[in-house]
Amino acid sequence: MEKLAKAIWKLIVVLLVVVGVLFVVYFWNLDQKVLGWAYKQVNAMFDRKKVDLVF
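Just so it is clear, the model here is predicted, and its values are computed rather than measured.

A.B. asks: Could you give me a rundown of the packing of aromatic side chains, with the residues and numbers involved?
C.D. replies: A full pass over the atoms with the stated rule returns 2 aromatic pairs. Ring geometry for F27 versus W28: centroids 5.9 Å apart, planes at 70°, classification edge-to-face. Chaining the aromatic ring pairs together yields one cluster made of F23, F27 and W28.

A.B. asks: Requested: an account of the pattern of salt bridges, with residues and values cited.
C.D. replies: In this structure the tally under the stated criterion is 1 salt bridge. K6 serves as the salt-bridge partner of E2, at 3.8 Å between the closest nitrogen and oxygen. Of this pair, E2 and K6 both sit in helix α1 (residues 2–27), 4 residues apart, which is roughly one turn of the helix. By the burial criterion, E2 is exposed, and K6 matches it.

A.B. asks: Before we move on, could you go through α1 and cite the residues and values that matter?
C.D. replies: In this model, α1 (26 residues) spans 37 Å end to end at C-alpha, consistent with the 38 Å of a helix rising 1.5 Å per residue. By the criterion of burial, α1 is predominantly exposed, with just 0 of the 26 residues buried. Phi turns positive, to about 55°, at N29, one or two residues after α1.

A.B. asks: An account of unusual backbone geometry is needed here, citing residue identities and associated values.
C.D. replies: Notably, N29 is not glycine yet its phi reads approximately 55°, a positive angle. Structurally, N29 is set in the loop between α1 and α2 (30–47). With a relative accessible area of 40%, N29 lands in the partly exposed category.

A.B. asks: I'd love a proper account of a nonpolar patch on the surface, names of residues and values included.
C.D. replies: Where nonpolar side chains cluster on the molecular surface, the patch consists of M1, L4, I8, W9, I12, V13, L16, V17 and V21 and spans about 950 Å² of accessible area. Mapped onto the elements, W9 comes out in helix α1.

Parameters and conventions
- Residues numbered from 1 in each chain as written.
- Predicted model: local features only at pLDDT ≥ 70, side-chain atom pairs only at ≥ 80, totals over all residues.
- Heavy atoms only, no water.
- Phe/Tyr/Trp six-rings, centres within 6.5 Å; stacked < 30°, edge-to-face > 60°.
- Salt bridge = Lys/Arg side-chain N within 4 Å of Asp/Glu carboxyl O.
- Helix = DSSP H or I, 4+ residues; strand = E, 2+ residues; numbered from the N terminus.
- Buried < 20%, exposed > 50% of the residue type's maximum accessible area, 1.4 Å probe, protein only.
- Expected span 1.5 Å × (residues − 1).
- Patch = residues over 30% accessible without salt bridge, like charges linked within 9 Å, V, L, I, M, F, W, Y side chains within 5 Å.
- Areas by Shrake-Rupley, 256 points an atom, 1.4 Å probe, with all protein chains shown as cover.

Spelled out as C-alpha cells, the structure:
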C-alpha cells in the first residue's frame with residue numbers, strides 16, 4: 001500500500017509541475033516568442049540562398 005501511495009504522490013507532483021510549466025508558457029506567451037524567433041532564423045537561411053530562375 002505504501003508503494004502505491006508513493007507512486008500516486010509522484011504522479012500528482014509530476015502533473016502539477018507540467019501544469020505549472022504550461023501556465024508559465026501561456027502567461028508569458030512564450031510559444032509565440034519562440035515561433036517568432038524560429039521564423040526569423042528560417043527566413044534568414046532561405047534569404048541567403050540563390051534562386052535558379054528557369055523560364
